[in-house]
Amino acid sequence: MSAESPDASLTAPYTIEFPYNRTVGAKIGTFLGGLRDGELYGVRTGSGAVLCPVVEFDPATGAHTGELVRLDPTGTVTHWTWVPTRPGDEIDADHFAWALITIDGAEGGFFHAVDTGGDPARLTSGLRVTPRWRAERVGSIRDIVCFEPVES
């Protein structure tokens, strides 16, 4: 290493690649397929609880989860934080919060964006929300643009 370039030892002309594909399995695959089709699925645990999003293993026991359950795509905001901007997406600036949403018929939190149309006062714990689906879906969590308030 020379005195002129003290960081020369921190570079290398190599690239590391991991050329493999991972299958998502039947449960997560069904969940992702449901997103593609505009549907939400949960999975039943050994105790009878339904979790959404779907997991392969019960977080309380580590056992494989059970049957898949189709859920109504509505839920309730339990916790949230307002974010002043979200550049580069389909939600307008100053319209956006991150939230934990309990999907109807499931336990736990579904972490996603909520768009209240720019009015942070509309966002409260207990707010009823429904997904805003992308027009073209591919089977990704991003098939849900965001959740938005259920109009009464």
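About the cut-offs
- Residues numbered from 1 in each chain as written.
- Predicted model: local features only at pLDDT ≥ 70, side-chain atom pairs only at ≥ 80, totals over all residues.
- Heavy atoms only, no water.
- Helix = DSSP H or I, 4+ residues; strand = E, 2+ residues; numbered from the N terminus.
- Areas by Shrake-Rupley, 256 points an atom, 1.4 Å probe, with all protein chains shown as cover.
- Buried < 20%, exposed > 50% of the residue type's maximum accessible area, 1.4 Å probe, protein only.
- Pairing = 2+ DSSP bridges.
- Lys, Arg positive; Asp, Glu negative; His and termini not counted.
- Salt bridge = Lys/Arg side-chain N within 4 Å of Asp/Glu carboxyl O.

Draft legend 1. Here's a closer look at the overall build of the protein chain. Regarding its fold elements, the protein chain presents one helix and eight strands. Each helix and strand of the protein chain, placed in order from N terminus to C terminus, yields the pattern α-β-β-β-β-β-β-β-β. As displayed, the protein chain has an accessible area near 9300 Å², and 54% of this comes from carbon and sulfur atoms.

Draft legend 2. Seen up close, the pairing of strand β8 (residues 144-149). Counting buried residues along β8, five of its six residues qualify, which places the element largely inside the surrounding structure. Relative to β8, strand β7 (residues 128-133) runs antiparallel, the two being bridged by five bridges. Directly across from W133, in β8, lies its bridge partner I144.

Draft legend 3. Representation of the side chain of D58 in the model. Along the chain, the position of D58 falls in the loop between β2 (50-51) and β3 (68-71). For D58, which is buried and forms no salt bridge, the nearest opposite charge comes from K27, at a distance of 10 Å.

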